[in-house]
Amino acid sequence: MMKKIILLLILISISSIFAQPDEYDEKISELLDKMTLDEKIGQLVQIVGVERFSEQRIKEGKVGSILIGTRGADEVNRIQRIAVEESRLGIPLIFANDVIHGYRTIFPVPLAEASSWNPELIQLASEIAAFEAASEGTHWTYAPMVDICRDPRWGRIVEGSGEDPFLGSIIAAARVKGFQGSNLKNKNTVAACAKHYVAYGSAEGGRDYNSVDISERTLREIYLPPFYSAVKSGTASIMSSFNDLNGIPASANYFTLTEILREEWKWNGVVISDYNSIGELVNHRFAADKKEAALKGLTAGVDIDMAGDTIDGDVYSPHLKNLVEEGLIDEQTINNSAKNVLRLKYKLGLFDNPYVDKEFFDQNQLSKNYKDSIALKLAEESIVLLKNEKNILPLDKGIKSIALIGPFVTDSVNIMGSWSAAGRPAEVITILDGIKNFVTDRIKINYSFGCNFDDDDTSGFSEAESAALQSDVVIIFVGEPRSMSGEAASRTSLDLPGVQLDLIKRIHQTGKPLVVVLMNGRPLTINWIYENVSSVIEAWYLGSQTGKAIANTLFGKNNPSGKLTITFPRSAGQIPIYYYQKSTGRPATDAKYTSKYLDSPNTPLFPFGYGKSYTTFSYGNIKISKALISINDSVEVSIDITNTGKFAGDEVVQLYIQDETASITLPVKLLKGFKKIKLNLGEKKEISFKITPDMLSFLDIEMKKVVEPGKFKVMIGGNSEDVISISFEVTE
Ligand code: GLC
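Residues numbered from 1 in each chain as written. Predicted model: local features only at pLDDT ≥ 70, side-chain atom pairs only at ≥ 80, totals over all residues. Heavy atoms only, no water.

Some words on helix α7 (residues 119-135)
Spacing of three or four residues puts side chains on the same side of an α-helix, whose turn is 3.6 residues.
Next, step 1: The first and last C-alpha atoms of α7 sit 24 Å apart over 17 residues, in line with the 24 Å expected at 1.5 Å per residue.
Next, step 2: Within α7, 13 of the 17 residues are buried, which leaves the element mostly enclosed by the surrounding structure.
Next, step 3: At the C-terminal side of α7, Gly-137 shows a positive phi close to 100°. (Helix = DSSP H or I, 4+ residues; strand = E, 2+ residues; numbered from the N terminus. Expected span 1.5 Å × (residues − 1). Buried < 20%, exposed > 50% of the residue type's maximum accessible area, 1.4 Å probe, protein only.)

Brief notes about the packing of helix α9 (residues 216-223) against helix α11 (residues 254-264)
Next, step 1: Orientation of α9 relative to α11, taken along the N-to-C sense of each, is 55°, at an axis distance of 14 Å. As far as their axial angle goes, α11 and α9 are oblique. α11 is crossed by α9, and the crossing has right-handed handedness. Between α9, through Glu-216, Leu-219 and Arg-220, and α11, the contact on the second element is made entirely by Phe-255, Thr-256, Ile-260 and Glu-264.
Next, step 2: Residues of the contact of α9 with α11, tallied by class, amount to three nonpolar, one polar and three charged. (Axes fitted to C-alpha atoms, helices over the stretch in contact; angles between N-to-C directions. Parallel < 35°, antiparallel > 145°, perpendicular 65-115°, else oblique. Left-handed = near helix turned anticlockwise from the far one by under 90°. Contact = heavy atoms within 4.5 Å. Nonpolar A, V, L, I, M, F, W, Y, C, P; charged D, E, K, R; others polar.)

Brief notes about the domain arrangement of the protein chain
Next, step 1: Along its sequence, the protein chain is carved into domain 1 (40-361), domain 2 (370-559) and domain 3 (617-731).
Next, step 2: In this complex, domain 1 contributes 12 residues to the contact, which on the side of domain 3 involves 13 residues.
Next, step 3: Between domain 1 and domain 3 we count zero salt bridges in total.
Next, step 4: The dominant element in the side of domain 1 that touches domain 3, judged by the number of residues it contributes, is α9, at four residues.
Next, step 5: Class assignment for the residues of the side of domain 1 that touches domain 3 results in five nonpolar, two polar and five charged. (Domains from an automatic or database assignment. Salt bridge = Lys/Arg side-chain N within 4 Å of Asp/Glu carboxyl O.)

Looking at α9
Next, step 1: Every buried residue belonging to α9 is among Arg-217, Leu-219, Arg-220, Ile-222 and Tyr-223, and all of these are buried.
Next, step 2: Where the residues of α9 are buried, they touch α8 (165-180), α10 (225-232), β7 (244-245), α11 and β23 (698-699).

Considering the environment of Val-516
Next, step 1: Relative to the elements of secondary structure, Val-516 occurs in strand β15 (residues 514-519).
Next, step 2: Look at Val-516 and you get buried, because its relative accessible area is 0%.
Next, step 3: Note: C-alpha distance between Val-516 and Glu-538 (22 residues apart in sequence) is 8.7 Å.
Next, step 4: Residues within four places of Val-516 in sequence aside, it is in contact with Ile-476, Val-478, Ile-504, Ile-529, Val-533, Ser-535, Val-536 and Ile-537.

Here's the deal with the side chain of Asn-520
Next, step 1: Along the polypeptide, Asn-520 turns up in the loop between β15 and α20 (527-532).
Next, step 2: A relative accessible area of 0% means that Asn-520 is categorised as buried.
Next, step 3: Polar contacts involving the side chain of Asn-520 include one to the main-chain carbonyl oxygen of Arg-522, which spans 2.7 Å.
Next, step 4: A distance of 3.0 Å separates the side chain of Asn-520 from the side chain of Glu-538, its partner in a polar contact.
Next, step 5: Contacts of Asn-520, omitting those with residues within four sequence positions, involve Glu-480, Glu-538, Trp-540 and Tyr-541. (Polar contact = N/O pair within 3.5 Å; in protein donor to acceptor, adjacent residues only side chain to side chain.)

Some remarks on the nonpolar core
Next, step 1: Grouped together as the largest cluster of nonpolar side chains are 125 residues, with contacts concentrated most on Trp-140, Tyr-197, Tyr-316 and Leu-320.
Next, step 2: Counting residues per element, this core draws most heavily on α7, which supplies nine residues.
Next, step 3: Every residue in contact with Tyr-197, bar those within four places of it in the chain, is listed here: Leu-224, Phe-227, Ile-238, Met-239, Ser-240, Ser-241, Ala-250, Thr-256, Leu-257, Ile-260, Leu-261 and Trp-265. (Core = buried A, V, L, I, M, F, W, Y, C linked by side-chain atoms within 4.5 Å.)

A short note on the environment of Asp-151
Next, step 1: Following the sequence through the fold, Asp-151 ends up in the loop between β4 (140-141) and α8.
Next, step 2: On the accessibility criterion, Asp-151 (8% relative accessible area) is buried.
Next, step 3: As a C-alpha pair, Asp-151 and Tyr-370 span 219 residues in sequence and 36 Å in three-dimensional space.
Next, step 4: A polar contact is formed between the side chain of Asp-151 and the side chain of Arg-153, at a distance of 2.7 Å.

A closer look at the sheet that holds strand β2 (residues 65-67)
Next, step 1: What the five strands build is an open sheet, ordered β4-β3-β2-β1-β10; its pairing is parallel. Where the open sheet ends on each side, the last strands, each with one partner, are β4 and β10 (305-306).
Next, step 2: Across two bridges, the pairing between strand β1 (residues 45-48) and β10 is parallel. Looking across to β10, one finds that Gln-46 is bridged to Met-306. (Pairing = 2+ DSSP bridges.)

Quick look at the sheet that holds strand β6 (residues 237-240)
Next, step 1: The three strands lie next to each other as β5-β6-β9, forming an open sheet whose pairing is parallel. In the strand order of this sheet, the two ends are held by β5 (193-197) and β9 (270-273), each with one partner. Here the average twist between neighbouring strands, direction ignored, is 25°.
Next, step 2: Inspection of the sheet shows β6 paired to β9 by four bridges, in the parallel sense.

With respect to the environment of Lys-557
Next, step 1: Along the chain, the position of Lys-557 falls in the loop between α21 (546-554) and β17 (617-624).
Next, step 2: Between the alpha carbons of Lys-557 and Glu-380 there is a distance of 9.8 Å; along the sequence they are 177 residues apart.
Next, step 3: Residues within four places of Lys-557 in sequence aside, it is in contact with Phe-438 and Asn-552.

Concerning the pattern of salt bridges
Next, step 1: Under the criterion given, the structure shown has 37 salt bridges.
Next, step 2: Put simply, Glu-75 and Arg-78 hold a salt bridge, and the shortest N to O gap is 3.0 Å. Here Glu-75 and its partner Arg-78 are both found in helix α5 (residues 73-86), three residues apart, which amounts to about one turn of the helix.
Next, step 3: Note that Glu-264 and Arg-220 form a salt bridge whose closest N and O atoms lie 2.7 Å from each other. In this pair, Glu-264 sits in helix α11 while Arg-220 sits in helix α9, placing the two residues 44 residues apart along the sequence.
Next, step 4: In this structure Glu-264 comes out as partly exposed when scored by relative accessible area, which is 40%.
Next, step 5: Connected through shared salt-bridge partners, Glu-55, Glu-75 and Arg-78 make up one network.

Notes on the packing of helix α18 (residues 461-469) against helix α19 (residues 500-508)
Next, step 1: Packing of α18 against α19 brings their axes to within 9 Å, and their N-to-C directions diverge by 40°. Put simply, α18 runs oblique to α19. The crossing of α18 and α19 is right-handed. Along the contact surface, α18 presents Phe-461, Ser-462, Ala-464, Glu-465 and Ala-468, while α19 presents Asp-502, Leu-503, Arg-506 and Ile-507.

Right, dumping it as structure tokens:
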């Protein structure tokens, strides 16, 4: 049996010799011919952290890259000098880092950025992050995280763009282009790494690292598109994920890593494992030992083993040579992966310029004002207004005092979110400072801590209550500490942790005008708040400019325009809940025997695409250019949007399409387009969308992309629920 498996693996590994021709192929081949087997394997090894950093191993050419973190340019240059000047062939190292939403200037977390529906701005933020990271020695960032997720119990939902593959694909492209620029040789760029490949966001139960078992259709329609978008945008690398996928761990999955990535998509970038995810094949009980794990990881298509930060985390370095010498792995397989790594080093220009050119960065600094302005704008556009009954917001200029209550008011750490790289709390504008700077001495601020994020101490409630009673308006800032968001931070409950809701209820009893601002990394079940509090804002973790963005929003300098990119459930019991659900054979009605719950409506608390403004927009006069088109035709739909309120504002006009009847049961709607527009008071604009055959296509029973004749419904609105529809028909 083992022999059969080995034969299959050898055949597989040989079949993977199809890297796309590349401008560096000749140089790579010349270099490869000089390299020993140890040196080739060295290129496939990434060590993590300083503990594992071993100058001797670098001198011997047994390390290809280092996850260096934020140790800075001098340390990077010092280590690089060992590789370039003291190893036999002088092959430079790649230095990697997790620059997820900013390096020193911290931008809103990705789930917040996505709520801006502003890919151009997101791209600018990634450009700034790349510049700052590259100036400190980072060549390669492990971003963008492009995992689609429909389960807010999963802590890493904060790192992605939400539940929709169309929007997720657009944002993936924006971030890859922002990080990589037009040429990776440009010193102010970094190599991107789309992660975590693939379907990591579908972990069963929302429990991090848990199994994923989904249909190929779901894989291809939901989880692969953002990776495909990253590949088409030129991502230099992809990171394989921890989860097993349909019985095969993603870090040893030949179907996804080679058949799809290399054969279908013709991609010749670098695949790096996640942190020791190859070694974890043993925990999956998919490999008997680290040696078999190495065999399975490499032959499936993982080029680099991101070894753990302990010597026994290594899998490729101690085992690949033996596997080759025992004839279990063909040396050509090693060569193919080494080529991918060397190609990235050539693309990065490291053979010509291995060291951080500090003079270049000194002479080409991005001004702090510019960086802060982009961070502020993105933070403002990430804010989602969930409710504003009685129009308490924006705050009346006439108020004399304001109570600021809650554990986030003076916080400068949690608001940076879960991956804050070189972000410094001292450089973050806190909520208290942001509001103080805005109101100066015009308005008295009564601050009270109120309670902690997540314990049962209510001793601060009385002081908070008295601060409220002394004030014209009360704003409470609550949510999740960043330790409850991100990796290894799954929750079974989406409720506000600790006694924060009790604090809100206590302050609500004062009868003062009340605003609740949420700062969190996932949808929260805030039913009581939504039903009882006049104004509610979703502010996520906004990064360096948090305090200024929130002040500008509360006082109307910024009119919130954010739109949720993830459904907010009423309860965790509704999960998975997302806007593109299917009709089922018994769509929910008042009748008993239909698809619904006894104890909750099917509808979410807030639907995908939802977000209010201080003004109001009306939609009308929807028109279509043709009611009947042939299968390869396009059609144009237009609609008028009018600003009917009292403030100028931005609106994200969203286009959804339903294929009314098809050979596959399809979602009730899918996002197929959006436009973010600015409307002044009373202004009306006609917005049009061109609907192409590609927008009507889906994968048929044989996984082929098809457009089928029949009726289609076009829905346009300011969120996925409140839409205006018009239909057309496609004929053969
Ligand atoms: C972590 C994460 C991954 C990150 C890597 C390196 O476990 O899964 O997103 O890039 O390890 O820090």
